[in-house]
Amino acid sequence: MKKLLNTLYVTSKDAYLHQQGETVVVKVDGQEKIRVPIHNLENIVCFGPMTCSTPLMELCGARNVYLAFFSEFGKFYARVEGPVHGNVLLRKQQFAGASRDPFRTDLARTFVLAKLANCRNVLLRAAREHHDETARVDIQHAASELSESARNLLEPVSLDVLRGIEGEAAKSYFSVFNHLIVAQKEDFVFNARSRRPPLDKVNAMLSFVYAVLANDVRSALEGVGLDPAVGFLHADRPGRPSLALDLMEEFRPYLADRLVLSLINRQQVKPGGFENSASGAILMNDETRKTLLSAYQERKREQIQHPFLNESVPLGLLAHVQAMLLARYIRGDLDAYPAFCWR
Amino acid sequence: MMVLITYDVNTENAAGRKRLRNIAKKCEDYGQRVQLSVFECIVDPQQLVVLKNQLTSIMDERTDSIRIYYLGSNWERRVEHIGAKPGYNPEGTLMV
């Protein structure tokens, strides 16, 4: 089993990243802040404007360390990738599968079903613990709508219908999302999912975590030799990591949504930690961003019993494990893709 | 696992000082310098073999010495720091 390596997050403005021997050195204002051996890293994620030397990019490419750049608010800019590695035969099978029905639709269905199951679990768990009777009824109602959508998916449906059902399900899930916020309710209000730009604090946090998660999933896919751009559920579009978005669906509720909810409910994020921009977007400030990232990073180290492998894995390796299982399915070594369902 | 590497290099002549620099550089590639000739490295067994080979090929076994302490993967409760220059936890959240 792969070892969970660390991720280096660089959030200081005007940091300079360079390589020295086998180490990554981060300097701010000419002062060395940290020096980490490249062997301990699998991702370097930079937020905001900063500088990075080409020898470091070379080192990252050679060692399969993924170097990604985001805006300070989580908008994805670019990634530096080394030479294409992995198995060309696997990729060819992936391309063939992605343009062949029913293979494509079946896999897309699996992703959506897992997402619905995980969303439902998030809701049911919240309902169990909720002290407000009307909210509990609402949440349970939404959960049963998700079950209904899942049942509809069991019929043979086309890809478009499948996407439609997923959209409906997402709508009913997010319609009760506000009920899942139980602390700081007057400051953190969630009406509907809004992105580009996020219009409230909750959406700002969700968008940010989704962006970071998508980057991790993408690295995991590349790590097992799959092409992150050729998806099944999501249509191919230039520059869009469709397969990463596909695989991410099953992780969204469990890894991202619950993280955001617990940060709010445990009052680890404060209403003051946000900024309004001129465009009406609500964005996190530096401190909130750091809180979020370190909570995410800590969560990655939590161990769970993987339902399919029956092995204890850190959450940070979940994307890698699922990518590996997906590759096995595409290659024909598994009869079905066992999506991650949280129990 | 975590290993602690410490060394003594005879620096009476220029060749010795060169060995000292090279050994320090090698250790730095694998871990964190916590004191002048003390390094904490998170390595897997394979990396450790490579590192050990590199170090022994640089050192002069008649005059220099290297000690490696194996702290295992449960090292955090075995290490305590007191005083200045606390260093970072290579398995913790790395954020600058």
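Residues numbered from 1 in each chain as written. Chains lettered and ligands numbered in written order. Predicted model: local features only at pLDDT ≥ 70, side-chain atom pairs only at ≥ 80, totals over all residues. Heavy atoms only, no water.

Undergrad: Can you tell me about the sheet that holds strand E8 (residues 76-80) of chain A, naming the residues and giving the values?
TA: Judged by pairing direction, the sheet is mixed, and its five strands sit side by side in the order E8(A)-E7(A)-E5(A)-E1(A)-E5(B) without closing on themselves. Each edge of the sheet is formed by a strand with only one pairing partner; in this case those strands are E8 of chain A together with strand E5 (94-95) of chain B. Sheet topology note: the strand E5 (residues 41-47) of chain A/strand E7 (residues 66-70) of chain A ladder contains five bridges and is parallel. Paired with A:Cys46 across the strands is A:Phe69, a residue of E7(A). (Pairing = 2+ DSSP bridges. Helix = DSSP H or I, 4+ residues; strand = E, 2+ residues; numbered from the N terminus.)

Undergrad: Which residues make up unusual backbone geometry, and what are the values?
TA: Residues and elements named next belong to chain A. Look at the link from Asp-101 to Pro-102: it is a cis peptide, with omega at 5°. For Pro-102, the position within the fold is in the loop between helix H2 (88-98) and helix H3 (103-129). With an omega of -5°, the peptide bond running from Arg-196 to Pro-197 counts as cis. Even without glycine at this site, Asn-64 takes up a positive phi of about 60°. For Asn-64, a relative accessible area of 39% corresponds to the partly exposed category. Positive phi outside glycine occurs at Arg-196, with the angle close to 45°. Tracing the backbone shows Arg-196 in the loop between helix H5 (159-175) and helix H6 (201-224). Owing to a relative accessible area of 73%, Arg-196 belongs among the exposed residues under this scheme. (Buried < 20%, exposed > 50% of the residue type's maximum accessible area, 1.4 Å probe, protein only.)

Undergrad: A description of the interface of chain B and chain A should follow, citing residues and the corresponding values.
TA: Counting residues at the interface gives 14 residues for chain B, matched by 26 residues for chain A. Contact with chain A buries area across many residues of chain B, yet B:Leu94, B:Met95 and B:Val96 alone supply 42% of it, more than any other trio. Among the ionic pairs, B:Glu28 bridges to A:Arg35, the shortest N-O distance being 3.5 Å. Broken down by element, the residue count for the side of chain B that touches chain A peaks at three residues, all from helix H1 (residues 14-30) of chain B. Its residues assigned to classes, the side of chain B that touches chain A shows seven nonpolar, four polar and three charged. (Contact = heavy atoms within 4.5 Å. Buried area = accessible area lost by both parts, 1.4 Å probe. Salt bridge = Lys/Arg side-chain N within 4 Å of Asp/Glu carboxyl O. Nonpolar A, V, L, I, M, F, W, Y, C, P; charged D, E, K, R; others polar.)

Undergrad: Which residues make up the side chain of A:Asn203, and what values do they have?
TA: Residues and elements named next belong to chain A. Structurally, the position occupied by Asn-203 is in helix H6. Using a relative accessible area of 0% as the deciding quantity, one classes Asn-203 as buried. A polar contact of 2.8 Å, which involves the side chain of Asn-203, links it to the side chain of Arg-193. When neighbours within four sequence positions are excluded, Asn-203 is seen to be in contact with Phe-190, Ala-192, Arg-193, Ser-194 and Pro-198. (Polar contact = N/O pair within 3.5 Å; in protein donor to acceptor, adjacent residues only side chain to side chain.)

Undergrad: Kindly report on the pattern of salt bridges, identifying the contributing residues and their values.
TA: Taken as a whole and assessed by the stated rule, the structure comprises 21 salt bridges over all chains. Among the salt bridges present, the one from B:Arg19 reaches B:Asp64, with a minimum N-O distance of 2.6 Å. Highlighted residues: B:Arg19 in helix H1 and B:Asp64 in the loop between helix H2 (45-58) and strand E4 (65-72), separated in sequence by 45 residues. When salt bridges with common partners are traced through the structure, they connect A:Lys13, A:Glu72, A:Asp286 and A:Arg289 into a single cluster.

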